[in-house]
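As a plain string of letters, each chain reads:
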Amino acid sequence: MAKKRDFVVFGLGKFGKSVAQTLSMNGCDVLAIDKNEEIIQDIASTVTHAVQADVTDQDALSALGVRNFDAAIIAISNDMQSSIMATILVKELGVPYVLAKAQNEIHKKVLEKVGADKVVFPEREIGVRIANNLISENFVDYIELSEDYSIVEVSILNEWIGKSLKELDMRAKYGMNVMAIRQGANISITPGPDVTLKDGDVLVVIGSNKDLKKINIIKH
């Protein structure tokens, strides 16, 4: 599969927003689409383009040039019908690779039947090993978003212990966004900048495989 550089992201909840911003930060052309104008205004400065639109409107998607993107991320989580329709429409428009987020197994089966190339359960898959390759000593779990980008669970490095997320500034230093922290059986979603990392913590991060390799999360 050819490398993908242009992405369209539908639905800008926690998952969709993190994916869109990280792809954009890594030099990709990202079109972010959501029906909520406030969400669009909030993300507009951190992606290439942000547009308020109905994801089930084929004419609107066609006018936005969705067919020209290499991959689509269907990150809609609270509206199964819109998720399914968006998947159908982007495939009909000719987007070659579609990754979709599912609510449950039935939703997953439908998404696969209507053309999704990959279906993920981001919340469920946190803490569950879904890959046995590309691992290193501090690697815990791996979700492939595309050929170039992944969500991983990673044990914190020794030099991170006792430091806050603000001090570490993962996005600037390592090119990745922290989506959650797992401390034993507890998972903190979208942790604040003042959270201090402790020995044994596991981070859930999203970033490019190129950047993840820099801290030995993914083997070369």
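Everything below is about the structure printed above this text.
As a starting point, this report considers the structure included with it. Quantities reported herein were computed from a predicted structural model and do not represent experimental measurements.

### Some details on the overall build of the protein
Phase 1: Each helix and strand in the protein was counted, giving nine helices and 11 strands.
Phase 2: For the protein, the proportion of its 220 residues judged to be buried stands at 49%.
Phase 3: Carbon and sulfur atoms form 47% of the exposed surface of the protein, whose accessible area is close to 10400 Å².

### A word on the environment of Leu 61
Phase 1: Along the polypeptide, Leu 61 turns up in helix H3 (residues 58–63).
Phase 2: Sequence separation of Leu 61 and Val 90 is 29 residues, and the distance between their C-alpha atoms is 8.1 Å.

### Some remarks on the pairing of strand E5 (residues 97–101)
Phase 1: Across the five residues that make up E5, a large majority, five, are buried.
Phase 2: The alternating pattern of E5 places Tyr 97, Leu 99 and Lys 101 and Val 98 and Ala 100 on opposite faces, both of which are buried.
Phase 3: With four bridges joining them, strand E4 (residues 71–74) and E5 adopt parallel strand pairing. Across the sheet, Ala 71 pairs through a bridge with Tyr 97, a residue of E5.
Phase 4: After leaving E4, the chain enters helix H4 (residues 80–92) and then returns to the sheet as E5, a path that is right-handed.
Phase 5: Pairing between E5 and strand E6 (residues 118–120): three bridges, direction parallel. Paired with Ala 100 across the strands is Val 119, a residue of E6.
Phase 6: Handedness of the E5-helix H5 (residues 105–113)-E6 crossover: right-handed.

So, how was this worked out
For every chain, the first residue of its written sequence is number 1, and the numbers climb from 1 along that sequence. Side-chain atom pairs in this predicted model are given and counted only at pLDDT of 80 or more, local residue features only at pLDDT of at least 70, and totals for whole chains, interfaces and linings cover all residues. Note: side-chain values were computed over all heavy atoms of the structure, leaving out hydrogens and water. Elements are defined by DSSP. Helices are runs of H or I of four residues or more, strands are runs of E of two residues or more, and each kind is numbered from the N terminus. For each residue, the accessible area found with a 1.4 Å probe, counting protein chains only, is set against the maximum for its type, and the residue is called buried under 20%, exposed over 50%, and partly exposed in between. Only the protein chains shown count as cover for residues, and the accessible areas themselves come from Shrake-Rupley with a 1.4 Å probe. Pairing between two strands is assigned when DSSP locates at least 2 bridges connecting them. Place the viewer so that the strands point away; then a crossover is right-handed whenever the path from the first strand over the helix to the second strand goes clockwise.

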